[in-house]
Amino acid sequence: MARVKRGMAAHRRHKKVFKLARGFRGRTGFKVAKQWVVRSMAFSTAHRKMKKRDFRRLWIARINAAARLNGMSYNRFMYGLKLAQVDVNRKIMADMAINDPAAFAALVDLAKDKVEAQTATTANA
């Protein structure tokens, strides 16, 4: 049986790893580059999830700041929108708070009215 030389397959595998681990070719060996690639892939998976969390926190901070400028706290504002059955996500509301303050103020007024009506109903009962 003929002998199989595996140089091409190994070279192809190494090229894939070195392409992912920029700056490692020639400086360090394949083993270190492969360890860094495995580590970076694990972090990239976790950081994709964290990016979503970070953006949600940013949107909430922006909505809170804009709601407070209009005289309402974030949690009362969101509760008022829920009572008014307004279904706008936080990304859109944060964008409205920055780019269209008049429309955001209208949302805050709507939420205020609903919260005050709800408080009056609960106080009478």
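Right, let's walk through the structure included here. Along each chain, residues carry numbers from 1 onward, in the same order as the chain's sequence is written. In keeping with the predicted nature of the model, local features appear solely for residues at pLDDT of at least 70, side-chain atom pairs appear and are counted solely at 80 or more, and the whole-chain, interface and lining totals rest on all residues. Calculation of side-chain values draws on the structure's entire complement of heavy atoms; hydrogens and water are dropped beforehand.

1. Section: the nonpolar core
Grouped burial of nonpolar side chains is what soluble globular proteins tend to show.
Link 1 in the chain: What is meant by a nonpolar core is a set of buried Ala, Val, Leu, Ile, Met, Phe, Trp, Tyr and Cys residues, joined one to another through side-chain atoms within 4.5 Å. Each residue is assigned to one of three classes by its accessible area relative to the maximum for its type, calculated with a 1.4 Å probe on protein chains only: buried under 20%, partly exposed between the two thresholds, exposed over 50%. Membership of the largest hydrophobic core comes to 17 residues, with the highest contact counts inside it found for Ile63, Phe77, Leu81, Met93 and Phe104.
Link 2 in the chain: The numbering of helices and of strands both runs from the N terminus, where a helix is a DSSP run of H or I of at least 4 residues and a strand a run of E of at least 2. Only helix H2 (30-69), helix H3 (74-83), helix H4 (90-99) and helix H5 (101-124) provide two or more residues apiece to this core.
Link 3 in the chain: One finds Val17, Phe18, Ala33 and Val37 within the second-largest nonpolar core, a separate group that totals 6 residues.

2. Side note on the side chain of Ser73
Link 1 in the chain: Mapped onto the secondary structure, Ser73 falls in the loop between H2 and H3.
Link 2 in the chain: Residue Ser73 is classed as buried on the basis of its relative accessible area of 18%.
Link 3 in the chain: Within the local environment of Ser73, its side chain forms a polar contact with the side chain of Asn75, the two groups lying 2.7 Å apart.
Link 4 in the chain: Excluding residues within four positions of it along the chain, Ser73 makes contact with Asn64, Ala67 and Arg68. Residues adjacent in sequence count toward polar contacts only when both atoms are side-chain atoms; beyond that, a polar contact is any pair of N or O atoms within 3.5 Å, and within protein one must be able to donate a hydrogen and the other to accept it. Pairs of residues are marked as contacts when any of their non-hydrogen atoms sit within 4.5 Å.

3. Overview of a positive patch on the surface
Link 1 in the chain: Each patch is built from salt-bridge-free residues with over 30% relative accessible area, joining like charges within 9 Å and nonpolar side chains (Val, Leu, Ile, Met, Phe, Trp, Tyr) within 5 Å. Per-residue and other accessible areas were derived by the Shrake-Rupley procedure at a 1.4 Å probe size, with only the shown protein chains allowed to occlude residues. We define a salt bridge as a contact between a side-chain nitrogen of Lys or Arg and a carboxyl oxygen of Asp or Glu at a distance within 4 Å. Under this rule, positive means Lys or Arg and negative means Asp or Glu; His and the chain ends count for nothing. Here the site of a charge means atom NZ of a Lys, CZ of an Arg, CG of an Asp or CD of a Glu. Taken together, the side chains of Arg6, Arg12, Arg13, Lys15, Lys16, Lys19, Arg25 and Lys34 define a basic patch exposed on the protein surface.
Link 2 in the chain: Element by element, the count of residues in the positive patch is highest for helix H1 (residues 7-20), at 5 residues.
Link 3 in the chain: By the element assignment, Lys34 lies in helix H2.

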